[in-house]
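Listed below, chain by chain, are the residues.
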Amino acid sequence: MGRGWGLLIGLLGAVWLLSSGHGGQQSSETAAQRCFCQVSGYLDDCTCDVETIDRFNNYRLFPRLQKLLESDYFRYYKVNLKRPCPFWNDISQCGRRDCAVKPCQSDEVPDGIKSASYKYSEEANNLLEECEQAERLGAVDESLSEETQKAVLQWTKHDDSSDNFCEADDIQSPDAEYVDLLLNPERYTGYKGPDAWKIWNVIYEENCFKPQTIKRPLNPLASGQENTFYSWLEGLCVEKRAFYRLISGLHASINVHLSARYLLQDTWLEKKWGHNITEFQQRFDGILTEGEGPRRLKNLYFLYLIELRALSKVLPFFERPDFQLFTGNKIQDAENKMLLLEILHEIKSFPLHFDENSFFAGDKKEAHKLKEDFRLHFRNISRIMDCVGCFKCRLWGKLQTQGLGTALKILFSEKLIANMPESGPSYEFHLTRQEIVSLFNAFGRISTSVKELENFRNLLQNIH
Ligand code: FAD
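Residues numbered from 1 in each chain as written. Predicted model: local features only at pLDDT ≥ 70, side-chain atom pairs only at ≥ 80, totals over all residues. Heavy atoms only, no water.

## Regarding the nonpolar core
Operational definition: Throughout, nonpolar core names a set of buried Ala, Val, Leu, Ile, Met, Phe, Trp, Tyr and Cys residues whose side chains join them through atoms within 4.5 Å. Between buried and exposed lies partly exposed: a residue is buried under 20% and exposed over 50% of the maximum accessible area for its type, with that area taken using a 1.4 Å probe on protein chains only. Only DSSP runs of H or I reaching four residues or more are called helices, and only runs of E reaching two or more are called strands; each is numbered from the N terminus. Only heavy atoms matter for contacts: two residues are in contact if any of them lie within 4.5 Å across the pair.
Residues Phe74, Phe318 and Phe440 are the most contacted members of the largest nonpolar core, which totals 95 residues. Considering each element in turn, this core owes the most residues, 11 residues, to helix H12 (residues 292–313). When neighbours within four sequence positions are excluded, phenylalanine 318 is seen to be in contact with Phe323, Lys337, Leu340, Leu341, Leu344, Leu431, Ile436 and Phe440. Counting residues in each nonpolar core, the second largest holds five residues, with Tyr76, Cys104, Val109 and Tyr178 among its members.

## With respect to the UniProt feature "binding site: FAD" (unreviewed entry) in the chain
Worth spelling out the cut-off: UniProt positions are given in the numbering used here, feature names are shortened, and annotations may be inferred rather than shown by experiment.
UniProt marks Arg187, Thr189, Trp200, Ser248, His251 and Arg283 with the feature "binding site: FAD" (unreviewed entry), using the numbering shown here. You can see arginine 187 is positioned in the loop between strand S2 (177–180) and helix H8 (194–207). Among the secondary structure elements, arginine 283 is positioned in helix H11 (residues 277–284). Not counting the four nearest positions on each side in its chain, arginine 283 is found in contact with Asn255, Leu258, Ser259, Thr289, Gly293 and Arg296.

## Here we look at unusual backbone geometry
In the Ramachandran plot, glutamate 290 falls in the positive-phi region, its phi being about 50° despite a non-glycine side chain. Among the secondary structure elements, glutamate 290 is positioned in the loop between H11 and H12.

## Remarks on the pattern of salt bridges
Counted only if it meets this: When a carboxyl oxygen of Asp or Glu lies within 4 Å of a side-chain nitrogen of Lys or Arg, that pair is called a salt bridge.
This structure, assessed with the given rule, holds 18 salt bridges. When the shortest N-O distance is used, the salt bridge between arginine 375 and glutamate 372 registers 2.9 Å. A residue pair is termed a helical-turn pair when its members lie 3 or 4 positions apart in one helix, as arginine 375 and glutamate 372 do in helix H15 (residues 364–384) at three residues. Judged by relative accessible area, which is 9%, arginine 375 ranks as buried. Glutamate 372 gets classed as partly exposed once you look at its relative accessible area, which sits at 28%. Several salt bridges share partner residues, and in doing so they unite Arg60, Arg64, Glu342 and Glu346 into one network.

## Digging into helix H16 (residues 391–411)
What counts here: How far a helix is expected to stretch is found by multiplying one less than its residue total by 1.5 Å.
With 21 residues, H16 should cover 30 Å at 1.5 Å per step; its first-to-last C-alpha distance of 30 Å lies within 8% of that length. H16 sits mainly inside the fold: 19 of its 21 residues count as buried.

## Some remarks on the packing of H16 against helix H18 (residues 433–463)
The line we're drawing: For helices, the fitted axis covers only the stretch in contact; all axes are lines through C-alpha atoms, and the angles between them, taken along N-to-C directions, range from 0 to 180 degrees. Roughly parallel means an angle under 35 degrees; roughly antiparallel, over 145; roughly perpendicular, 65 to 115; everything else is oblique. Classification convention: Asp, Glu, Lys, Arg as charged; Ala, Val, Leu, Ile, Met, Phe, Trp, Tyr, Cys, Pro as nonpolar; all other residues, Gly among them, as polar.
Direction vectors running N to C along H16 and H18 enclose 105°, while the axes themselves pass 7 Å from each other. Looking at the two axes, H16 sits roughly perpendicular to H18. Contact residues: Trp396, Leu399, Gln400, Gln402, Gly403, Leu404, Thr406, Ala407, Lys409 and Ile410 in H16; Gln434, Glu435, Ser438, Leu439, Asn441, Ala442 and Arg445 in H18. Classifying every residue of the contact of H16 with H18 by side-chain character gives seven nonpolar, seven polar and three charged.

## Quick notes on the state of the cysteines
Rules: In plain terms, two cysteine sulfur atoms within 2.5 Å form what is called a disulfide here.
As enumerated under the stated definition, the model contains two disulfides in all. Paired through a disulfide, cysteine 99 and cysteine 390 show a sulfur-sulfur distance of 2.2 Å. In this structure, the disulfide formed by cysteine 99 and cysteine 390 twists by about -105° around the S-S bond and is classed as left-handed. Here cysteine 99, found in the loop between strand S1 (76–79) and helix H5 (111–114), pairs with cysteine 390, found in the loop between H15 and H16; they are 291 residues apart in sequence, far enough to count as distant. You'll find cysteine 99 and cysteine 390 in the same group, each marked buried. With cysteine numbering restricted to those in disulfides and following the sequence, the chain has the pairing 1-3, 2-4. Cysteine 393 carries a free sulfur, and the closest cysteine sulfur to it, the one in cysteine 390, is 3.1 Å from it.

Printed below as a string of structure tokens:
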């Protein structure tokens, strides 16, 4: 009954949109303008504008980043997709073919990666082997050098460290498997309706710093409530607003991808994937979404700036001579490290970086509490990913939340990074291979979204 009414109201709405010239191509504004005219100029809470990001991303960064992400080091991601949902039991595992994830056979993954799942250089490998041995002995082995002992203690504490924004996946579990990200691309899966809404709803409801009294409508057809839901944002401090915008940016990015790699044709002979302009408009057109779509796209740019800033800050970690993108193939590893550093230097040269100094700049005690709240909310979101009822969506959801969590960890570790020794083990600041792979792939997703917006803009312009 409720859904029937919803559909009826939706249909009446569509008729109104068409008859009033708001829908289809009858509007005086072009289809491209309706999605993009509000997505231009300066971004709220930043000194950067959308056009600068488009030029920088689409022509300078995107092609090189894609090349890097195709390398062995970055294409294999270890993930446990079988972790139970910690919040509810009734996950309907979607049986759609397009939700399936094909894990790698063990001989497909380079030995160097398998044997060093959370290690990133030969030296680190040796150190960690000693560490594991020490752990097996029940304590730090006193025969290890003093330097090694210190690193061992730091690194074993690492996964519980208060600097981690995501709940670490138990990649040592027998259920954790390597997935080739190139063979399992993020695209339209057909995961939608109440199950998907429930996840997004819980993410916003439970984790964005909103007052208890304001409820987000679970059913998106319940129009009218959206505005009340968003009005609380205006009263929030910049940090809490930023948190919501990051999640909304991630949500927008996922929805851009599924519109850009939509299942256009499905016959027994072939499947055809490509841009679905109607799907994109339904999600982002200013009029069809009552102004929400363009705002969401702006949040996507905001997320881009935050991850870009984190990458620029972490350059010293990757520049250290003993850091390797270790797969066991020395020549390729060295070439990939060169490409990675080129990309990071390019990122550092971006002229309008987000100024994170305005974050947590207030009272020290208050700032500390906010940072801790941020971290706990974010860890919760990473656990919600285990409740996503479509394995492909779960895979990319987990990877992108881990990547964003790693970006936040970097932004909040600025002093530790600055104090890192130029060579030798770094005791204070450390990134695991999982964090590195997720950080770059997550940024690769946002970078692809920005590029896809240009494609949609061109496609919409051609409609007229
Ligand atoms: P939804 O996107 O489900 O959004 C629900 C409601 O949230 C909307 O009606 C609106 O009120 C609000 N909303 C929408 N966008 C935003 C935003 N950016 N910011 C703030 N509020 C917003 N589907 C795929 O096909 N492929 C995937 O890879 C995929 N990955 C997913 C990963 C996760 C973690 C989740 C939870 C879902 C994923 N989905 C994926 C499903 C997809 O995101 C949508 O949920 C689905 O297509 C249904 O879309 P919808 O239009 O009903 O609105």
